[in-house]
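Chains, contacts and geometry: an overview
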Amino acid sequence: MIIRGGIVYDPANGIFGEEMDLCIDRGRIVEDAKGEEIDAHNLLVMAGGVDAHSHIAGAKVNTGRIMMPDDARLGLEPATAVCRPSTGYTVPNCYAIGYRYARLGYTTAFEAATPILESRHTHEELEEIPIIDKGALTLFGSNWEVMECVREKDLGKLAAYVSWGLRASKGYGVKIVNPGGGEAWGFGANVKGIYDPVPNFDVTPAEIMRSLAQVNESLRLPHSVHVHFNNLGKPGNYTTAIESLDLFKDIKPSQTRQVVHVAHMQFSTYGGTSWNDFKSEAPVIVDYFNKNHFCTMDIGQILFGSATTMTADAPLEYGNAHLLHAKWSNNDIELEESSGVVPLVYLRKNPVNAIQWAIGLELALLTKDPWKVILTTDHPNGSSFVNYPEVVSLLMSKVKRQEELSNIHELASKRTTLPGIEKEMDWCDIAIMTRAAPARILGLEDKGHLGVGADADVTVYDLKPDEMDPSIQHDLVKKSLATAKYTIKGGVLVSRDGEITATPEGRTFWVDASVPKEDEERMMEDLKEKFDRYYSIKLSNYMVQDAYIPNPVVIKAGALPVEEVAP
Amino acid sequence: MNGQEMKTRTEEDVLCSFCGCLCDDLVVEIEGDNVKNVRHACRLGASKLMGHERIRTPMIRKNGKREEVSYQEAYDRAAHILVNAKRPLLYGWASTVCEAQKKGVLLTEMVGGILDSTATVCHGPSILGIEERGLSGATLGQIKNRADLIVFWGCNPAEADPKHGLRYSTNVWGFFTPEGRKGRNVLVVDVRQTRTAKNADKFIMITPGSDFEVLSALRMFVAGKGEFVPEKVGGVPRAELFEVADMMKAAKFGAFFFGLGITHSRGRAKNVGNALALIAELNAHTKFVVMPMRGHYNVAGIGQVAAWETGFPMSIDFSRGTAYFNPGETAACDVLSRGDTDAVMVIASDPASNFPRGIMENLAKVPVIQIDPYENPTTLLAEVVIPSAIAGVECEGTAYRMDGLALRMKKLVNSPYPSDEEILSGIIESVKKLRGTEAEANAPKEASA
């Protein structure tokens, strides 16, 4: 396949809006190819989008579906020759997730949080999501074995457990959510700060985060630790964010990437002491990111309208439900985590929601290096991923931002710096934020760029970047990005003008990290005891079987030199 | 085996395919392809795994008599019935694995039918309650390790889920519950003194049909508005209800299990909503979780599978092409009682034993396809009978425990029967073939040369 004449933005390879042909053969970008030609003359061409943080599969997503038939009714689409019926908006059915990402020009999405114990369910859903490649980040932040290793200061054993946990869950990386809080929630409590000891375990969230980050690097995992901070969603929590970030400062990355990725930074950028004097502290947070190079973030933009909050931060969800008088689901996971789901609506005229909206945009616009900040809505916590084009159009147009600011609660203009921000992003920034940076941050070498050898995931948008001004024509930006002209996934045309043309199965990335045998043996002693005494299932029934990963891509990592596998 | 001694072996950590406890600690002794003994199971589970007389071959009713046919003939006949029905109902799904359930959703979409599960006559009202309130839950291991108060309301695990107490709730010991039963309070609320009630620390017998009122009274006490509670509610004195509310608030970790006593007595979904609200409100005082006591081993699974595949957990009507969910209109009993379905496929369940009589009369009027390992009263109504392998014994696959935990069922022995998944795939192929033939017949004829 050849994609002819597009205006290509491939920042990872230093290509910033050049007219060029792209050749595809056997699912990869190649020097030269034959076959079908796609006419992309003058049109915007980028690598397929990569979503590094999205809640698309597993128990909490399905809990959202089950408690909200009203949401399912919002997205009805009938079956077609290649598509199964679609339902849902904030919590679409599995098929709709695949089709809608493809229509947006996205070809990869990572589920942001799966408890090890419930990973079989997560993979059952991932398997049903068509077209896109995917992976899942495994939760370790309130895990008994993790906390005991941290308490004993036995990082070798901790590494062995992380390696085993990734294998057991077929997970891709280390996710930490409100460290220690999930355990405290077991008796209805929470941790109040990074130095507040976890009840009954005699470790602090700070120790959990640092130890897991150290182990993450000793295991040479492709992705860094991926952290949802303590006190998330609370006024004044920016100090917790800065304190937490400082924990990672002196840890050396095992590869050229960040040491910590901060999930949905917007929810941890709050000033004030209560909801009454709630305000943005984005300049302080961004200043930290501008001065330091060990951390990256995704913005976790909120958009007005309905959302479904779902997180392993269970006390937060209880608080949300209590505050909003909303329906509330909770799920505690024995020895590992807790989680919650609360549907809500973000309102233009609500001062807190208006400020939250502005903070996400501030974070993206004020951060100097677009490689440090990626676009997410923490789907479906801030908004559905289908609304990414709205976020892009806001980032590219000051005019649009001013229009929106004049329509929302006035405190968004008074308690944030957004009104004074002149910056308007260009296509290069957008290509970085939506493709190149998330791929690099996740450590996906063949994603997010269009160099020879990369996965042939390509998006052509029906938009002529050299003949339009995104600042003025923000409506056109939004419309064109919402429905890609062509989305090509692994060399197959999967979407044309919004019509799904093929539904190949996606692949699932997971990480197999090796550790020294003696560490593993020591760790297994602990685990055997835990399964004999405390888990409600047998060790032999715990690990996710290979049957649940029909199209695996196994990334080898580990503390030991990686052994060559015979071809 | 030509007189040779049959090989015996033992499988450990086997999952039980009886109730929603989905115990995974069974030890099964196998001789050749026969289960010879089941250890560590309750009597219900052991008897399920040991099995009994099977349906031997596929059968089709011809001229009032059932004739033995090949599987292919049975698939073709099933496909013919489903394709030619205007609004077929594909019902059951509780006692099979998720892999089969997924095929079932696909088949229902293809034939524009209604998919519903046995939850409709079981915990369907619980799902409606969850839609209203959400559900504050936990895995069973969390309860085992932490709960110092167990509430059983309208359920009788001592007889229906015999190992529940030993593995997960009343009698098990865990990390924060080292004393097991001694360290726990057990509260039972029911309309009669069940075996579960006999082992309770406190038993409250309420008037049948008064669950909603009793739950409301407890909510008032929890909210500090006890002065508005009348002297007697549901036959229980006010002081006793006050004591119960206090017991719940005083627990460090409470777990509330409920069964059909709530979901199928007067109030139904409203009872469940009220119970879920009570638990949510208790969390302002302490930690409390709630869980429906699911019956069949994978009835939770069909709810999960249907939700991720269609967006809805049950009662899904595809006759309009898109998924439509409106229990009261689209549940199995709704369409059957109105005579609003013209063919029924029953898989892994036995509606003839469980549905109300009026509904059964309507079921008897339409062609019925049955997929099941065993003969049961539904077999008597069936026009097509397709025997299947037993999931969790003869074929593997996924099942969801009552707390929503997914586990993998094992294949223990070989079977001459195809799995539910294979049977459904066979019917799907027959539907495609039939549709293809129809399309060909309807295609404009090209002029011959």
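This structure is a prediction, so every number in the text was calculated from the model and none was measured. (Residues numbered from 1 in each chain as written. Chains lettered and ligands numbered in written order. Predicted model: local features only at pLDDT ≥ 70, side-chain atom pairs only at ≥ 80, totals over all residues.)

**Quick word on the overall build of chain B**
When its secondary structure is counted, chain B shows 18 helices and 22 strands. Whereas a compact globule of 449 residues would reach a radius of gyration of roughly 22 Å, chain B reaches 24 Å, a difference of no more than 12%. The dimensions of chain B, computed from C-alpha atoms along their principal axes, are 90 × 60 × 35 Å. Going through the 449 residues of chain B one by one, you find that 58% of them count as buried. Taking the contacts inside chain B whose residues are at least 6 apart along the sequence as the reference set, 69% of them involve residues at least 24 apart. (Helix = DSSP H or I, 4+ residues; strand = E, 2+ residues; numbered from the N terminus. Rg over C-alpha atoms; globule rule 2.2 N^0.38 Å. Buried ≥ 20, exposed ≤ 12 C-beta atoms within 10 Å, placed from the backbone. Contact = placed C-beta atoms within 7 Å.)

**Considerations on the packing of helix H3 (residues 98-111) of chain B against helix H13 (residues 299-310) of chain B**
Residue and element names in this part refer to chain B. Running from N to C, H3 and H13 cross one another at 45°; their axes reach a closest spacing of 10 Å. When the axes of H3 and H13 are compared, the pair comes out oblique. The element H3 and its partner H13 pack so that their crossing is right-handed. Residues Cys98, Gln101, Lys102 and Val105 of H3 form the contact with H13, whose own contacting residues are Gly301, Ile302, Val305, Ala306, Glu309 and Thr310. Taken together, the residues that form the contact of H3 with H13 break down as five nonpolar, three polar and two charged. (Axes fitted to C-alpha atoms, helices over the stretch in contact; angles between N-to-C directions. Parallel < 35°, antiparallel > 145°, perpendicular 65-115°, else oblique. Left-handed = near helix turned anticlockwise from the far one by under 90°. Nonpolar A, V, L, I, M, F, W, Y, C, P; charged D, E, K, R; others polar.)

**Here we look at the sheet that holds strand S1 (residues 8-14) of chain B**
Sheets are built from strands paired through backbone hydrogen bonds, the pairs being either parallel or antiparallel. All names here are of chain B. Taken in spatial order, the three strands line up as S1-S2-S3 in an open sheet, and their pairing is antiparallel. Each edge of the open sheet is held by one strand with a lone partner, namely S1 and strand S3 (34-39). The mean inter-strand angle of the sheet, taken between neighbouring strand axes irrespective of direction, is 25°. As paired elements, strand S2 (residues 26-31) and S3 share five bridges and run antiparallel to each other. Paired with Ile30 across the bridge in S3 is Val35. The strands touched by helix H1 (residues 43-50) are S2 and S3; relative to S3, the strand with the most contacts, the crossing angle is about 170°. (Pairing = 2+ DSSP bridges.)

**Re unusual backbone geometry**
The peptide bond linking His379 of chain A to Pro380 of chain A adopts the cis configuration, its omega dihedral lying at -5°. With respect to the element layout, Pro380 of chain A can be found in the loop between strand S18 (373-374) and helix H13 (388-396). Within the chain, Arg26 of chain A stands out as a residue other than glycine whose phi angle is a positive 45°. Looking at the element boundaries, Arg26 of chain A is found in the loop between strand S2 (15-25) and strand S3 (28-30). C-beta crowding within 10 Å serves as the criterion here: with 9 such atoms nearby, Arg26 of chain A is assigned to the exposed category. Positive phi values are uncommon outside glycine, yet Ser315 of chain B reaches one of about 50°. Along the chain, Ser315 of chain B falls in the loop between H13 and strand S16 (316-317). Look at Ser315 of chain B and you get buried, because 26 C-beta atoms sit within 10 Å.

**Concerning the interface of chain A and chain B**
If you look at the interface, chain A gives 45 residues, while chain B gives 52 residues. Those elements giving two or more residues to the side of chain A that touches chain B turn out to be helix H1 (59-67), helix H2 (69-72), helix H4 (119-128) and strand S16 (329-333) of chain A. A per-class count over the side of chain A that touches chain B returns 19 nonpolar, 14 polar and 12 charged. The pairing of S16 of chain A with strand S8 (residues 136-138) of chain B spans three bridges and is classified as parallel. Along S8 of chain B, the bridge assignment pairs Asn330 of chain A with Ser136 of chain B.

**A closer look at the sheet that holds strand S11 (residues 202-205) of chain B**
All names here are of chain B. A sheet is described by the order of its strands in space; here five strands give the open sequence S11-S10-S9-S14-S15, paired in parallel fashion. Two strands bound the open sheet, and with one partner strand each, they are S11 and strand S15 (287-292). Within the sheet, the average angular offset between the axes of one strand and its neighbour, ignoring direction, is 15°. Here five bridges tie strand S9 (residues 149-153) to strand S10 (residues 185-190), and the two strands are oriented parallel to one another. Counted as the bridge partner of Ile150 is Val186 from S10.

**A closer look at H1 of chain A**
Owing to its 3.6 residues per turn, the α-helix aligns residues three or four sequence positions apart on the same side. With nine of its nine residues buried, H1 of chain A lies for the most part within the structure. Looking only at H1 of chain A, the buried set comprises Ala59, Lys60, Val61, Asn62, Thr63, Gly64, Arg65, Ile66 and Met67 of chain A.

**Examining the domain arrangement of chain B**
If you check the domain split of chain B, you get domain 1 (8-49), domain 2 (55-122 + 297-438) and domain 3 (124-292). Contacts between the two partners involve 17 residues from domain 1 of chain B and, on the opposite side, 15 residues from domain 2 of chain B. (Domains from an automatic or database assignment.)

**Quick look at the confidence of the model for chain B**
Counting all residues, the mean pLDDT for chain B is 95, and 97% of those residues have values of 70 or more. Across the predicted assembly, pTM comes out at 0.96 and ipTM at 0.96. (pLDDT = per-residue confidence, 0-100.)

**What about the nonpolar core?**
In summary, soluble globular proteins display a tendency toward joint burial of nonpolar side chains. Counting residues in each nonpolar core, the largest one holds 322 residues, and the members touching the most others are Val45 of chain A together with Ala275 of chain B. With residues near it in sequence (within four places) discarded, Val45 of chain A still touches Ile3, Gly6, Ile7, Val8, Leu22, Ala40, Val458 and Val460 of chain A. (Core = buried A, V, L, I, M, F, W, Y, C linked by C-beta atoms within 7 Å.)

**Some thoughts on the pairing of strand S5 (residues 44-47) of chain A**
All names here are of chain A. Relative to S5, strand S1 (residues 2-10) runs parallel, the two sharing three bridges. Across the sheet, residue Ile7 finds its bridge partner in S5, namely Leu44. As judged from the four bridges shared by S5 and strand S19 (residues 458-461), these two strands associate in the antiparallel manner. Within S19, the position partnered with Ala47 by the bridge is Val458.

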